[in-house]
Amino acid sequence: MVLHRVHHQILRSHHLFEPLNEEQLDELMSHSQLLSIDKGDPLFRQGEPAQAFYFVISGAVKIYRLTPDGQEKVFEVIGERQTFAEAMMLMDTPNYVASAEAVGPTQLYRLSNATYMRLLQSNSRLTFALLGKLCVRLHQRVNEIETLSLKNATHRVVRYLLTQLVRLQTVDSQFELPMAKQLIAGHLSIQPETFSRIIRRLIDEKIITQDGRQIAILDRLRLEQFE
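Note that this is a predicted model, so its numbers are computed, not measured. (Residues numbered from 1 in each chain as written. Predicted model: local features only at pLDDT ≥ 70, side-chain atom pairs only at ≥ 80, totals over all residues. Heavy atoms only, no water.)

Peer 1: Tell me about the sheet that holds strand 10 (residues 208-211), residues and numbers included.
Peer 2: Pairing in this open sheet of three strands is antiparallel, and the strands run 9-11-10 from one edge to the other. Looking along the sheet, the strands with just one partner apiece sit at the ends: strand 9 (174-176) and strand 10. Within the sheet, the average angular offset between the axes of one strand and its neighbour, ignoring direction, is 20°. Two elements, strand 9 and strand 11 (residues 214-217), share three bridges in a ladder whose sense is antiparallel. (Pairing = 2+ DSSP bridges. Helix = DSSP H or I, 4+ residues; strand = E, 2+ residues; numbered from the N terminus. Axes fitted to C-alpha atoms, helices over the stretch in contact; angles between N-to-C directions.)

Peer 1: I'd love a proper account of the packing of helix 2 (residues 22-30) against helix 4 (residues 113-121), names of residues and values included.
Peer 2: Packing of helix 2 against helix 4 leaves a shortest axis separation of 8 Å and a crossing angle of 160°. Taken together, the axes of helix 2 and helix 4 are roughly antiparallel relative to one another. Relative to helix 4, helix 2 is oriented so that their crossing is right-handed. Residues Gln 24, Glu 27 and Leu 28 of helix 2 pack against Thr 115, Tyr 116, Arg 118 and Leu 119 of helix 4. (Parallel < 35°, antiparallel > 145°, perpendicular 65-115°, else oblique. Left-handed = near helix turned anticlockwise from the far one by under 90°. Contact = heavy atoms within 4.5 Å.)

Peer 1: So what's going on with the UniProt feature "domain: Cyclic nucleotide-binding" (unreviewed entry) in the protein chain? Which residues, and what values?
Peer 2: As annotated in UniProt, the feature "domain: Cyclic nucleotide-binding" (unreviewed entry) corresponds to residues 16-120 in the numbering used here. Across residues 16-120, helical content stands at 21% and strand content at 39%; the span's end C-alpha atoms are separated by 10 Å. (UniProt positions renumbered as here; feature names shortened; annotations may be inferred.)

Peer 1: Talk me through the pairing of strand 3 (residues 52-58); I want residue IDs and the actual numbers.
Peer 2: Most of strand 3 is tucked away, with six of its seven residues classed as buried. Both strand 3 and strand 8 (residues 106-112) contribute to a ladder of six bridges, which runs antiparallel. Residue Ser 58 lies in a different strand from strand 8, and its bridge partner there is Gln 107. Here strand 3 pairs with strand 6 (residues 83-84) via two bridges, running antiparallel. By the bridge assignment, Tyr 54 is partnered in strand 6 with Phe 84. (Buried < 20%, exposed > 50% of the residue type's maximum accessible area, 1.4 Å probe, protein only.)

Peer 1: Hey, could you go over the environment of Asn 143 for me, with residue numbers and the actual values?
Peer 2: Its place among the elements puts Asn 143 in helix 5 (residues 124-149). Taking C-alpha positions, Asn 143 is 9.7 Å from Arg 159, a pair spaced 16 residues apart along the chain.

Peer 1: Account for the nonpolar core, naming residues and giving values.
Peer 2: If you look at the biggest cluster of nonpolar residues, it comprises 37 residues, and the most contacted ones within it are Phe 17, Leu 43, Phe 84 and Tyr 116. Discounting chain neighbours no more than four positions away, the residues touching Phe 17 are Leu 11, Arg 12, Leu 28, Phe 53, Phe 55, Thr 83, Leu 111 and Tyr 116. With 29 residues, the next largest nonpolar core counts Leu 177, Phe 195, Ile 198 and Ile 203 among its residues. (Core = buried A, V, L, I, M, F, W, Y, C linked by side-chain atoms within 4.5 Å.)

Peer 1: Any details on unusual backbone geometry? Residues and values, ideally.
Peer 2: With a phi angle near 65°, Arg 81 is a residue other than glycine that sits in the positive phi range. Examined against the element boundaries, Arg 81 turns out to sit in the loop between strand 5 (72-78) and strand 6. Since its relative accessible area comes to 45%, Arg 81 is described here as partly exposed. The backbone of Lys 206 shows a phi angle near 60°, a positive value even though the residue is not glycine. Secondary-structure assignment places Lys 206 in the loop between helix 8 (192-204) and strand 10. On the basis of relative accessible area, Lys 206 is assigned to the exposed category, the value being 61%.

Peer 1: I'd like to hear about the side chain of Ser 99, residue by residue, with values.
Peer 2: With respect to the helices and strands, Ser 99 occurs in strand 7 (residues 99-102). A polar side-chain atom of Ser 99 sits 2.9 Å from the main-chain amide nitrogen of Gln 46. Non-local contacts of Ser 99, meaning those with residues more than four positions away in its chain, are made with Phe 44, Arg 45, Gln 46, Lys 62, Ile 63 and Tyr 64. (Polar contact = N/O pair within 3.5 Å; in protein donor to acceptor, adjacent residues only side chain to side chain.)

Have a look at this one:
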């Protein structure tokens, strides 16, 4: 596959691919596919053979599992310039442990696990870059566990809003929610109505404003202390 120039730059900006030289990147991309999918299209289902990982060019993908009673539990929503499912490759797990589905029109690369592992074994710089990636994701998971362990739903929502603000590093204290409220509520293990009610309280207290998915933090100190 011949990379589009813009896609080449986007891939190069990601630390999983930056250590590769041009020949190695060409080898990886020769075993990849550029996919364009619509909302609701599946990429893989839990239990299917894990033969590839993915890099999102545009759009978003949700990673989820179904509970025994058929409820959908969303673990993460992957946005543009992010990878997912690489853990299966590194853990040598034969099957995907969750499902992945587009939450809107999405373009992404499907990359061969076997090819990347072969490159990894011959490139120590790539190995250390990958260790850095795992450390970052582990830190994210620890924060998520801490958030989900909070008993009060309000604390979960407040922590989520503050995490989004810090993650996006906005200068004007505004950011866009990365997914619909139903998905955020599922991610926080609360009901969508509870999430909406807490957001409404924050608006009424003039701590935040909301315009669609756009959130503006008016008083960060009060938000941090809100109960």
